[in-house]
Amino acid sequence: QEAIAALKTDITNLVLGNPIAAGKLLRLGFHDCAGGCDGCLNLTNPANAGMELPMNTLRPYCDTYGPVLSRADCWSISALVAAEVTQPPNEGG
């Protein structure tokens, strides 16, 4: 639980400091989890073009939390946090 909370904080700060990263993290999470979240992408597949950037951006975070979280965990949590951080506040109650 501590590693998840710490990763969420790190990714929140990343996205707040670089809002463009949010879309790239969401795309990485989607491409990884289409067919099963496994932390592995075929970079020779044209559909995965450009995935190196978010993969490289997340590498230090995934390495930091690697003893506890898998790369698939890191990527999927990052995608979820990116989606949460970029949503407007719910003012409807």
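The following paragraphs examine the structure supplied in this document. (Residues numbered from 1 in each chain as written. Predicted model: local features only at pLDDT ≥ 70, side-chain atom pairs only at ≥ 80, totals over all residues. Heavy atoms only, no water.)

With respect to the overall build of the protein chain
Each helix and strand counted, the protein chain has 4 helices and 0 strands in total. Its C-alpha radius of gyration of 13 Å places the protein chain within 12% of the 12 Å reference for a compact globule of 93 residues. Each principal axis of the C-alpha atoms in the protein chain carries an extent, and together these give about 45 × 30 × 25 Å. For the protein chain, buried positions account for 32% of its 93 residues. For the protein chain, long-range pairs separated by at least 24 residues make up 62% of all intrachain contacts whose partners lie at least 6 apart in sequence. Surface summary for the protein chain: the accessible area is close to 5,600 Å², and the carbon and sulfur share equals 56%. (Helix = DSSP H or I, 4+ residues; strand = E, 2+ residues; numbered from the N terminus. Rg over C-alpha atoms; globule rule 2.2 N^0.38 Å. Buried < 20%, exposed > 50% of the residue type's maximum accessible area, 1.4 Å probe, protein only. Contact = heavy atoms within 4.5 Å. Areas by Shrake-Rupley, 256 points an atom, 1.4 Å probe, with all protein chains shown as cover.)

Side note on the state of the cysteines
What we call a disulfide is simply a covalent bond connecting the sulfur atoms of a pair of cysteines. Within this structure, the stated rule accounts for 2 disulfides. One disulfide in the model links Cys33 with Cys37; its S-S distance is 1.9 Å. Taking the sign of the S-S torsion, 115° for the link of Cys33 and Cys37, the bridge is right-handed. Among the residues examined, Cys37 registers a relative accessible area of 43% and is labelled partly exposed. (Disulfide = S-S within 2.5 Å.)

A short note on the side chain of Ser78
Positionally, Ser78 belongs in helix α4 (residues 71-85). Assessed through its relative accessible area of 0%, Ser78 is described here as buried.

Considering the packing of helix α1 (residues 2-17) against α4
At their nearest, the axes of α1 and α4 sit 9 Å apart, and the two run at 50° to each other. With respect to their mutual orientation, α1 and α4 come out oblique. Helix-helix and strand crossings are classified by hand; for α1 and α4 the assignment is right-handed. Here Ile4, Leu7, Lys8, Ile11, Thr12, Val15 and Leu16 of α1 lie close against α4, whose contacting residues are Cys74, Ile77, Ser78, Val81, Ala82 and Val85. Grouping the constituent residues of the contact of α1 with α4 by class yields 10 nonpolar, 2 polar and 1 charged. (Axes fitted to C-alpha atoms, helices over the stretch in contact; angles between N-to-C directions. Parallel < 35°, antiparallel > 145°, perpendicular 65-115°, else oblique. Left-handed = near helix turned anticlockwise from the far one by under 90°. Nonpolar A, V, L, I, M, F, W, Y, C, P; charged D, E, K, R; others polar.)

Some remarks on α1
Here α1 contains 16 residues, and its C-alpha end-to-end distance of 23 Å stays within 8% of the 22 Å for a straight helix at 1.5 Å per residue. Regarding α1, the residues found buried are Ala3, Leu7, Ile11, Leu14 and Val15. Around the axis of α1, the buried residues are gathered within 95° of arc, so they sit on the same side. Exposed residues on α1 whose side chains face more than 90 degrees from its buried face are Glu2, Leu16 and Gly17. On its buried face, α1 sits against α2 (20-33), α3 (52-65) and α4. (Expected span 1.5 Å × (residues − 1). Arc of directions from axis to C-beta.)

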